[in-house]
Structures are given as C-alpha cells and as structure tokens.
Amino acid sequence: MDARDVTVPDSETVQLGPSRTRTLQVLQDADNPLGVQEVAELVGLHVNTARFHLDGLVEAGLATRTREDRSEPGRPRIVYTAEPTGRQVGQRSYRLLSEILVSFLAASVRRPTDGALEAGRAWGRYLTERPAPFQQMDAGTSLDHLMQILADVGFDPEAAGTKQRPQIRLRHCPFREVAKTHSDVVCSIHLGLMQGALAEMRAPVTADRLEPFIEPSLCLSHLTRR
C-alpha cells in the first residue's frame, strides 16, 4: 500500500499522509477498539498528534469514535474502530472549507498574518511533547523532533543549511492549493506551528522566517539560535 493513498473499494480514493495511513492500519489490525494512548504507542506518535489523526479518520468516514462500555467505576474511555473497507465514503470538501475560512480571515481581520501566526504557535505547542523539567534540548535533537512533527502533519521535511544557519526544506505542503492563493495566511500558520513547537521543547533555536514556493513544490524555513 502506498503511504499516501488508501483506496476504499466501491468509493473514492482518500489521500492520507504517512502517519495517518499508519494510524488507520493500526486500527484495521486491532481485534478491539483502541484508545488514543494505545494508538499513540503503536504508531510512535505524541498523544495529541495521534488524536489529531484519529479525529481526521473519523471525519473522513474511515473510522468511528465511541465511548467504551465500562462495568467498573470511572470515566469511560473514548475508543476508535476502523470502518469496514467496503463502506461508502461520501464526498468531502475540505479544500472548499479551507478556502472559505482562510479567505474570510484574510478579508475580515485587520492583521490576518498575526492571527495566523498565533494560531500556528498554539497548535505547535499542542502537538509537541514537552521535555522533562530542567532537561536541556540541543539544536540537533530539537530539529529532529520538529521534522517528525512536520512529517506527521503531512510535509516531507529535509534538513538543510549549516550548523550555524540551519534550514528545513519543506516539500509536499498538505495545504498547497490553498497556500497558492493565500500564502500570507497559510504560510504564517506553518511558521507559527514551527515556532510554537520549538518553544514548547525549550529548543535553543527558533523558526525565523519561511520562504514560500522557492520552487513549485518547495518552501524553505530559516532557523536562528535563540
């Protein structure tokens, strides 16, 4: 199976990134419904990232989310189950929804790039596992963690630049079509996501700026030391 395509028989082909594909495969291989923590451990993702992909599978009609039946006291878990592969998946218009929301933000907010940056920072912090108290993260480890987060979101990141001036080459933008029209908003979200993730790690580097589409399918992130 290709890491970016999951074919649902008698339906449409659903485009998935590598991490979401692995998440779906874990659900399909499981004998019982799985909780978020179990999926995160099996796929090797942060819990919040695993939840992000599980909810995306539910929205795509490829998984169901239910509350676990419990005979013991305590709050029941939310568990996930893969849908049968032959289930009809209806048309999804996430690109249209993205266009609507991004264009509204660009037209209605006085400084949309500032709002997009802050939203990206919040999600970057949310998708990042915070290091233990007093743990010092070096630049190399921080960049490795950041590239894994970017890959989980859907990018194809590659380290570039030098040790003094590190860069990240970003291919396969998961929002490329919308970013072509509204690069100021979408690219600000991506820059903020990197800044928020590195801040949550207490990394000695931060994302300084993002050059969009220096090639048709390539953006370049420039990092600086704090």
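Residues numbered from 1 in each chain as written. Predicted model: local features only at pLDDT ≥ 70, side-chain atom pairs only at ≥ 80, totals over all residues. Heavy atoms only, no water.

What should I look at first to understand the overall build of the protein chain in this one?
Counting secondary structure elements, the protein chain contains eight helices and nine strands. The contacts in the protein chain between residues at least 6 apart in sequence include a share of 54% that link residues at least 24 apart. If you sum the accessible surface of the protein chain, you get close to 12,800 Å²; carbon and sulfur atoms cover 50% of it. (Helix = DSSP H or I, 4+ residues; strand = E, 2+ residues; numbered from the N terminus. Contact = heavy atoms within 4.5 Å. Areas by Shrake-Rupley, 256 points an atom, 1.4 Å probe, with all protein chains shown as cover.)

What should I look at first to understand the packing of aromatic side chains in this one?
Counted under the stated rule, the structure contains two aromatic pairs. Relative to tyrosine 126, the ring of tryptophan 123 has its centre 5.2 Å away and its plane inclined at 80 degrees; by these criteria the two rings are edge-to-face. With tryptophan 123 and tyrosine 126 both in helix H5 (residues 112-126) and three residues apart, the pair spans about one turn of that helix. Exposure remark for tryptophan 123: the relative accessible area of 44% places this residue in the partly exposed category. The partly exposed category is assigned to tyrosine 126, whose relative accessible area is 32%. Linked through ring pairs, Phe52, Trp123 and Tyr126 together constitute an aromatic cluster. (Phe/Tyr/Trp six-rings, centres within 6.5 Å; stacked < 30°, edge-to-face > 60°. Buried < 20%, exposed > 50% of the residue type's maximum accessible area, 1.4 Å probe, protein only.)

Help me out: how do you make sense of the pairing of strand E5 (residues 78-82) in this one?
Consecutive residues of a regular strand have side chains that alternate between opposite faces of the sheet. Pairing analysis gives two bridges linking strand E3 (residues 34-35) to E5, with the strands arranged antiparallel. Of the residues in E5, the one forming a bridge with leucine 34 is tyrosine 80. Relative to E5, strand E4 (residues 63-67) runs antiparallel, the two being bridged by five bridges. Along E5, the bridge assignment pairs arginine 67 with isoleucine 78. (Pairing = 2+ DSSP bridges.)

Would you mind going over the side chain of arginine 20 with me for this structure?
The topology assignment puts arginine 20 in helix H1 (residues 18-29). In this structure arginine 20 is buried but unpaired, with glutamate 59 as the nearest side chain of opposite charge at 6.1 Å. Contact partners of arginine 20, with chain neighbours within four places excluded, come to Phe52, His53, Gly56 and Leu57. (Lys, Arg positive; Asp, Glu negative; His and termini not counted. Salt bridge = Lys/Arg side-chain N within 4 Å of Asp/Glu carboxyl O.)

Looking at this structure, I do not really get the nonpolar core. What am I missing?
What tends to happen in soluble globular proteins is that the nonpolar side chains get buried as a cluster. Counting 25 residues, the largest nonpolar core has Leu146, Leu150, Ile168, Leu170 and Met201 as the members making the most contacts within it. Listed by contribution, the elements that provide at least two residues to this core are helix H6 (139-153), strand E7 (166-171), helix H8 (183-200), strand E8 (205-215) and strand E9 (218-225). Discounting residues that sit within four places of it in the chain, leucine 150 has contacts with Phe155, Pro157, Ile168, Leu170, Leu193 and Met194. (Core = buried A, V, L, I, M, F, W, Y, C linked by side-chain atoms within 4.5 Å.)

What is the right way to read unusual backbone geometry from this model?
Working note: non-glycine residues mostly have negative phi, and peptide bonds are mostly trans. With a phi close to 55 degrees, histidine 172 is a non-glycine residue in the positive phi region. Within the secondary structure, histidine 172 sits in the loop between E7 and helix H7 (176-181). Under the relative-accessibility criterion, histidine 172 is labelled partly exposed at 38%. Positive phi, close to 50 degrees, is recorded for phenylalanine 213, a residue that is not glycine. On the secondary structure map, phenylalanine 213 appears in strand E8.

Hey, could you run me through the pairing of strand E6 (residues 156-161) in this one?
Direction of pairing for E6 relative to E7: antiparallel, over a ladder of six bridges. Bridging across to E7, alanine 159 finds its partner in isoleucine 168. Counting the residues in the hairpin turn of E6 and E7 gives four residues.

Help me out: how do you make sense of a nonpolar patch on the surface in this one?
Taken together, Tyr94, Leu96, Leu97, Ile100 and Leu101 make up a surface patch of nonpolar side chains, about 490 Å² in accessible area. With respect to the element layout, leucine 101 can be found in helix H4 (residues 94-108). We classify leucine 101 as exposed; its relative accessible area is 52%. (Patch = residues over 30% accessible without salt bridge, like charges linked within 9 Å, V, L, I, M, F, W, Y side chains within 5 Å.)

Whenever I open this one, the pattern of salt bridges confuses me. Can you help?
Pairing is possible between side chains of opposite charge, provided their charged atoms come close. Enumeration over the complete set of coordinates arrives at 10 salt bridges. Linking arginine 77 and glutamate 68 is a salt bridge whose minimum nitrogen-to-oxygen distance equals 3.0 Å. Taking the relative accessible area as the measure of exposure, glutamate 68 reaches 24% and is therefore partly exposed. We note a salt bridge from glutamate 158 to arginine 169, for which the minimum N-O separation is 3.7 Å. With glutamate 158 in strand E6 and arginine 169 in strand E7, this residue pair connects regions lying 11 residues apart in the sequence. When its relative accessible area of 41% is taken as the criterion, glutamate 158 is described as partly exposed. Salt bridges sharing partners connect three or more residues here, namely Glu38, Glu68 and Arg77.

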